[in-house]
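As a plain string of letters, each chain reads:
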Amino acid sequence: MTDIVKPWPALWSLVIGFFMILVDSTIVSVAMPAIMAGLDADITEAVWVTSAYLLAYAVPLLVTGRLGDRFGPKNVYLIGLVVFTLASVWCGLSPHVESLIIARVVQGLGAAMMTPQTMAVITRTFPPDGRGTAMGLWGSVAGVAILVGPVLGGVLVGAFGWEWIFFINVPVGIVGFVMAARLVPKLTTHSHRFDGLGVILSTVGMFCLVFGIQEGESFDWGVIVGPISVGRLVAAGVVLLVVFVVWQRLNRREPLLPLAVFRDRNFGLANVGIASMGFATTGMALPLMLFAQVARGFSATEAALLLAPMAVISGGLAPVVGKLVDRTNPKYLAAGGFACMIGGLTWLGLILTPTTPVWLLLLPTVLLGFGNAGVWAPLSSTATRNLPPRMAGAGSGVYNTMRQVGAVLGSAGIAAAMNARLALNLPGFDSTGATPEGAGELPAALRSGFASAMGESMLVPAAVLCAGFVVVWFFNAPVRAAENREWDAARGAA
């Protein structure tokens, strides 16, 4: 039996947890020096504090999206929220870095259980012609959370210590649980058969691919251990995922991933767009933060505040864009958003010097704010517009998986780009010597070359976003009356 559906209260309760897990994707970066000092960790161990979370978050998304269809998105979301909140306590109480890394893995698993359910509830409770406004809220939360993380982390670390970037999740998690338990309806579940082989192939394949890409730079794209190299691991991941897709095509019972979702051209194209967006939002932050802290001597909080205009504008405009999605063709909004993102990143990359005025650095981030607001809602609304309720969890899992894979590619790609540009602009420069404590440890003669390398690196995510700009022009225009009738019929059948 299902509850009476009140979509807006349900959505507001869900975005609290969604905001929290996305903040945790970026909040740790600014606390890294304090964690290293507090737990006596080296740089490799410190990197794993972030990598473990992202890996555990990205790999299970296909499975957890399907679990929401089978057991109900509310139930899976609440379990994930409990896991995430308890793991946050574990993180804050960790006595050594190994314990922290394990706790971050558990945190990532909790996040993976929660994320697909937010989009699935939107898809199943909002009609197509009202979904854009809802996705506008979802998009504003996603865009702002990624930017708030470093700022919030800097404040908490400076005032209370690194442990509080995790302890802050506890009251938020409790409030989010109470609200979700009261306000999120129990939606109809669908009796899916469990595709065991599909789960194994997708999980192991995603692990090999994501781990190889994410950690390739750490191992200099060479040997990890024994005969296992980064290249072989990535290749194995690709092969396993190809076998997974073939199995999904051959499985006549019920596949983990219904390939029918890709019959909708809009869904497939939106996945390309969100992957490019995941790449860019992850890839743009690191070179900008390193430029600000190493070449300009800003504190971590001051550096993070360079993104404040982007966060404010994105958060303010995303709901407005969401309403426009319900009234206009989303592809024009998405194309405009991608164009602003490309222009802002290119502009920012071209002006990074040790003497660039702060006001000039802020101008491109204003453009990025407009771009960020213009992309999330049109993409997510277009991706889910034609999904029937019984495929909401599977579609949401795929969509969020592509976003996370894009983020992993962005992390690895920007690291490679920065190293390549530093090698060209500053031959013999040891990047490990540039600490995030400020420019005092970087000689003045090197700052110009370092700034140029960071600026040139930012052109990489700008180039990747061009793929998103191109694909949105091929979106099919919405046929709103027909879509609403189909949605009503599908919901009634469910």
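In this numbering scheme, every chain counts its residues from 1 along its sequence in written order. In view of the model being predicted, local features appear only for residues whose pLDDT reaches at least 70, and side-chain atom pairs are presented and counted only at 80 or more, with totals across whole chains, interfaces and linings using the full set of residues. Computation of side-chain values covers all heavy atoms of the structure but excludes hydrogens and water.

A. Just the overall build of the protein chain, in detail. Each helix and strand counted, the protein chain has 19 helices and two strands in total. Using C-alpha atoms as the atom set, the radius of gyration is obtained and then compared with a globule rule of 2.2 Å times the number of residues to the power 0.38. Relative to its length of 494 residues, the protein chain is compact, with a C-alpha radius of gyration of 22 Å against a globular reference of 23 Å. Its C-alpha atoms give the protein chain principal-axis dimensions of about 70 × 45 × 45 Å. Counting over 494 residues, the protein chain shows a buried share of 56%. Accessible surface, the protein chain as shown: approximately 18900 Å² in total, 70% of it carbon and sulfur. Neither His nor the chain termini are counted; the positive set is Lys and Arg, and the negative set is Asp and Glu. To locate a charge, take NZ of a lysine, CZ of an arginine, CG of an aspartate or CD of a glutamate. Each charge class in the protein chain can be summarised by its mean position, and for the 28 positive and 24 negative side chains these summaries are 16 Å apart. Secondary structure elements are defined from DSSP: runs of H or I of at least 4 residues count as helices, runs of E of at least 2 residues count as strands, and each element is numbered from the N terminus. Note on exposure labels: buried denotes an accessible area under 20% of the residue type's maximum, exposed denotes more than 50%, and partly exposed covers the range between, all computed with a 1.4 Å probe on protein chains only. Note on areas: Shrake-Rupley with a 1.4 Å probe; residue coverage comes only from the protein chains shown.

B. Just the pattern of salt bridges, in detail. The term salt bridge refers to a side-chain nitrogen of Lys or Arg lying within 4 Å of a carboxyl oxygen of Asp or Glu. Scanning the model with the defined rule gives three salt bridges in all. A salt bridge links Asp 69 to Arg 66; the shortest N-O distance between them is 3.4 Å. Of this pair, Asp 69 and Arg 66 both sit in helix 3 (residues 61–71), three residues apart, which is roughly one turn of the helix. With respect to class, Asp 69 is no different from Arg 66; both count as buried. Among the ionic pairs, Arg 421 bridges to Glu 456, the shortest N-O distance being 2.7 Å. Here Arg 421 is found in helix 16 (residues 392–425), whereas its partner Glu 456 is found in helix 17 (residues 444–457), with 35 residues between them in sequence.

C. A look at a nonpolar patch on the surface. Excluding any residue in a salt bridge, patches collect residues exceeding 30% relative accessible area, merging like charges within 9 Å and nonpolar Val, Leu, Ile, Met, Phe, Trp and Tyr side chains within 5 Å. On the surface, Val 82, Leu 86, Ile 174, Phe 177 and Val 178 cluster together into a nonpolar patch covering about 430 Å² of accessible area. For the nonpolar patch, the secondary-structure elements that each account for two or more residues are helix 4 (73–93) and helix 8 (169–183). A per-element tally of the nonpolar patch places helix 8 first, with three residues. By the secondary structure assignment, Val 82 is in helix 4.

D. Here's a closer look at the environment of Ala 280. Following the sequence through the fold, Ala 280 ends up in helix 11 (residues 265–295). With a relative accessible area of 0%, Ala 280 lands in the buried category. For the pair formed by Ala 280 and Val 151, sequence separation is 129 residues and the distance between their alpha carbons is 19 Å. Once residues within four sequence positions are removed from consideration, Ala 280 is found in contact with Leu 345, Pro 461 and Leu 465. Contacts are assigned to residue pairs that have any heavy atoms within 4.5 Å of one another.

E. Quick peek at the packing of helix 14 (residues 330–351) against helix 18 (residues 459–471). Axis lines are fitted through C-alpha atoms, for helices just across the contact stretch, and the angle between N-to-C directions can take any value from 0 to 180 degrees. At a minimum axis separation of 9 Å, helix 14 and helix 18 run at an interaxial angle of 165°. Taken together, helix 14 and helix 18 sit at an angle that is classed as roughly antiparallel. In the packing of helix 14 onto helix 18, the handedness of the crossing is left-handed. Taken together, the residues of helix 18 that come into contact with helix 14 (itself represented by Ala 335, Phe 338, Ala 339, Met 341, Ile 342, Leu 345 and Thr 346) are Leu 459, Pro 461, Ala 462, Leu 465, Cys 466, Gly 468 and Phe 469. Here roughly perpendicular refers to angles of 65 to 115 degrees, roughly parallel to angles under 35, roughly antiparallel to angles over 145, and oblique to all remaining angles. By convention the crossing between two helices is left-handed if the near helix lies anticlockwise of the far one by an angle smaller than a right angle, and right-handed if it lies clockwise.

F. The packing of aromatic side chains, seen in detail. Note on aromatic pairs: the rings of Phe, Tyr and Trp (six-membered ring only in Trp) are paired at centre separations within 6.5 Å, and the planes decide the class, stacked below 30 degrees, edge-to-face beyond 60, tilted for the rest. A complete count under the given rule lists nine aromatic pairs for this structure. Aromatic pair Phe 160 and Trp 164: ring centres 5.8 Å apart, planes at 50°, arrangement tilted. Three or more aromatic residues link up through ring pairs in this structure, and these residues are Phe 160, Trp 164 and Phe 167. Distance and angle both matter: a charge sits over a ring if NZ of Lys or CZ of Arg is within 6 Å of the ring centre and within 35 degrees of the ring normal. Lying over the aromatic face of Phe 71, Arg 70 brings its terminal NZ or CZ to 4.9 Å of the ring centre.

G. A look at the packing of helix 3 against helix 4. At a minimum axis distance of 6 Å, the contact between helix 3 and helix 4 shows a crossing angle of 130°. Overall, the two elements helix 3 and helix 4 adopt an arrangement that is oblique. On helix 4, the residues that touch Thr 64, Leu 67, Gly 68 and Phe 71 of helix 3 are Pro 73, Asn 75 and Val 76. The residue classification treats Ala, Val, Leu, Ile, Met, Phe, Trp, Tyr, Cys and Pro as nonpolar and Asp, Glu, Lys and Arg as charged. All others, Gly included, are polar. For the contact of helix 3 with helix 4, the class distribution of residues is four nonpolar, three polar and no charged.

H. Representation of the environment of Val 294. By secondary structure assignment, the location of Val 294 is in helix 11. On the basis of relative accessibility, which here comes to 1%, the residue Val 294 falls in the buried class. On a C-alpha basis, the gap between Val 294 and Asn 476 in space is 46 Å, while along the polypeptide they are 182 residues apart.

I. Summary view of the side chain of Thr 281. The residue Thr 281 is located in helix 11 in this model. Any pair of N or O atoms that falls within 3.5 Å is considered a polar contact. Within protein, one atom must be able to donate a hydrogen and the other to accept it, and sequence-neighbouring residues count only if both atoms are side-chain atoms. There is a polar contact of 3.4 Å between the side chain of Thr 281 and the backbone oxygen of Gly 278.

J. Main features of the state of the cysteines. Disulfides are defined in this document as cysteine sulfur pairs within 2.5 Å. The final tally for this structure, using the stated rule, is zero disulfides. Note on Cys 466: no disulfide assigned, nearest cysteine sulfur contributed by Cys 340 at a separation of 13 Å. You can call Cys 466 partly exposed: its relative accessible area is 35%.

K. Representation of helix 3. The buried fraction of helix 3 is high, at eight of eleven residues. Along helix 3, the positions that sit buried rather than exposed are Leu 61, Leu 62, Val 63, Thr 64, Gly 65, Arg 66, Gly 68 and Asp 69. Among the residues trailing helix 3, Gly 72 stands out with phi positive, at a value near 100°.

L. The arrangement of the environment of Gly 397 in detail. Its place among the elements puts Gly 397 in helix 16. Residue Gly 397 is classed as buried on the basis of its relative accessible area, which comes to 0%. Through-space distance from the C-alpha of Gly 397 to that of Ile 213 is 20 Å; in sequence the pair is 184 residues apart. Here Gly 397 is in contact with Leu 61, Leu 62, Gly 65 and Pro 116, once residues within four sequence places are set aside.

M. Focus on the nonpolar core. Counting residues in hydrophobic clusters, the biggest one holds 117 residues, and the most contacted among them are Leu 288, Phe 291 and Leu 379. Looking at this core, the element that brings in the most residues is helix 1 (residues 7–39), giving 15 residues. If you look at the next biggest cluster of nonpolar residues, it comprises 13 residues, including Leu 55, Cys 208, Leu 241 and Val 408. Note on terminology: a nonpolar core comprises buried Ala, Val, Leu, Ile, Met, Phe, Trp, Tyr and Cys residues joined through side-chain atoms within 4.5 Å.

N. Expanded view of the confidence of the model for the protein chain. In this model, the protein chain carries a mean pLDDT of 83, and residues with pLDDT of at least 70 account for 90%. For the stretch residues 432–440, pLDDT sits under 50, and the model shows 18 contacts to residues farther than four places along the chain or on other chains. For every residue, the pLDDT score states the predictor's confidence, bounded by 0 at the bottom and 100 at the top.

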